[in-house]
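Residues per chain are reported as follows:
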Amino acid sequence: MVRVIVFDLDDTLYPERQYALSAFAAAGQFLEKTRGVAGLGESAASLFAQGARRNVYDLALRSLGFAEENGLVRELVEAHRHHAPAIALSPDAERFISRAERSGFSLALVSDGWLRTQELKVEALSLSGRLNPVILTDIWGREHWKPSPRGFQAVMAQHSGLPAEYIYVGDNPAKDFIAPKALGWRTLRIRRPDGEHYRMEASTLAATAESETTTLDAVDLGALATERIAVSPLGARASSGDGWDN
Ligand SMILES: [Mg+2]
């Protein structure tokens, strides 16, 4: 019987793409203010939409015909990571958290990523009053990012009880489910069609979530509290989806 619901952050509670667009705009404003060059944010967003995930600022600067300047990309990355993001909970995540609060579940967060960046996201989403604890694994250093069990163990240290009373809700089969499964937690993959990892399949059984759904609206909290993960047909994944990145 699940008592504690623990969430991943990016692409589980809000759309990661929304963060990227917010960050590109912030980096664009930074470039315009400091160098008088406009259009970087739009250029980065367009590259991202075409599938670019690495060196986006290098490519965007080049596309603007802006001469390479030593250290500029680093400044843009800093502006990206330290901006106050314009992001909002996914509607189904907002509804799910509210339902779980009303049903008396304990809620917590385990998230990887640059510490300050993740703190700013948690602030923007007003999560610190609703999720407890909020574990940002980077506080211990990158070696404690998932699939390290440390963040999950820290949640258990606070809420005690049995591993089977915990469920981790995440989106990334490469790293989200390995540690909680090994600890004996339940696991649920949220697989929204606009998510970064929508098309990814887990490479091993140990990395595969016990259940998956395309919307948290389909998760039956009553069933979760008593015994099993029940996902209604509403959350079954369509056989083909239109990913935004293809
Ligand atoms: Mg994620």
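About the criteria used
- Residues numbered from 1 in each chain as written.
- Predicted model: local features only at pLDDT ≥ 70, side-chain atom pairs only at ≥ 80, totals over all residues.
- Domains from an automatic or database assignment.
- Contact = placed C-beta atoms within 7 Å.
- Nonpolar A, V, L, I, M, F, W, Y, C, P; charged D, E, K, R; others polar.
- Helix = DSSP H or I, 4+ residues; strand = E, 2+ residues; numbered from the N terminus.
- Pairing = 2+ DSSP bridges.
- Axes fitted to C-alpha atoms, helices over the stretch in contact; angles between N-to-C directions.
- Buried ≥ 20, exposed ≤ 12 C-beta atoms within 10 Å, placed from the backbone.
- Parallel < 35°, antiparallel > 145°, perpendicular 65-115°, else oblique.
- Left-handed = near helix turned anticlockwise from the far one by under 90°.

## Focus: the domain arrangement of the protein
Okay, step 1: When its domains are assigned, the protein resolves into domain 1 (4-15 + 87-235) and domain 2 (17-81).
Okay, step 2: Inter-centroid distance (C-alpha atoms) of domain 1 to domain 2 is 30 Å.
Okay, step 3: Contacts between domain 1 and domain 2 engage eight residues on the former and five residues on the latter.
Okay, step 4: In the side of domain 1 that touches domain 2, the residues fall into four nonpolar, one polar and three charged.

## With respect to the environment of Glu101
Okay, step 1: Of note, Glu101 is situated in helix H5 (residues 91-102).
Okay, step 2: In this structure, the C-alpha to C-alpha distance between Glu101 and Leu131, residues 30 residues apart in sequence, is 9.8 Å.

## Quick look at the sheet that holds strand S1 (residues 4-7)
Okay, step 1: The strand order S3-S2-S1-S4-S5-S6 describes an open sheet built from six strands, whose pairing is parallel. Each having just a single partner strand, strand S3 (134-136) and strand S6 (211-213) make up the two edges of the open sheet. Neighbour to neighbour, the strand axes of the sheet diverge by 20° on average, direction disregarded.
Okay, step 2: Here four bridges tie strand S4 (residues 166-170) to strand S5 (residues 186-190), and the two strands are oriented parallel to one another. From the neighbouring strand, Ile167 faces S5, where its bridge partner is Arg186.

## Let's talk about the pairing of S1
Okay, step 1: In terms of strand pairing, S1 meets strand S2 (residues 106-111) through four bridges, oriented parallel. Among the inter-strand pairings, Ile5 is bridged to a residue of S2, identified as Leu107.

## A closer look at the environment of Val2
Okay, step 1: On the secondary structure map, Val2 appears in the segment before S1.
Okay, step 2: Judged by the 22 C-beta atoms lying within 10 Å of it, Val2 falls in the buried class.
Okay, step 3: Expressed as a C-alpha distance, the spacing of Val2 and Val56, which sit 54 residues apart in the sequence, is 41 Å.
Okay, step 4: In contact with Val2, not counting residues within four places along its chain, are Glu165, Tyr166, Ile167, Arg186, Leu224 and Ala225.

## Observations regarding the packing of helix H2 (residues 40-49) against helix H3 (residues 56-63)
Packed helices, taken two at a time, are described by the angle their axes make and the gap between the axes.
Okay, step 1: Following both chains from N to C, one finds H2 and H3 inclined at 120°, their axes separated by 9 Å at the closest point. What the angle tells us is that H2 and H3 run oblique. Seen along the crossing, H2 lies across H3 with a hand that is right-handed. Across the interface between the two elements, Leu40, Ser43, Ala44, Leu47 and Phe48 from H2 touch Val56, Tyr57, Leu59, Ala60 and Ser63 from H3.
Okay, step 2: Tallied by class, residues from the contact of H2 with H3 come to eight nonpolar, two polar and no charged.

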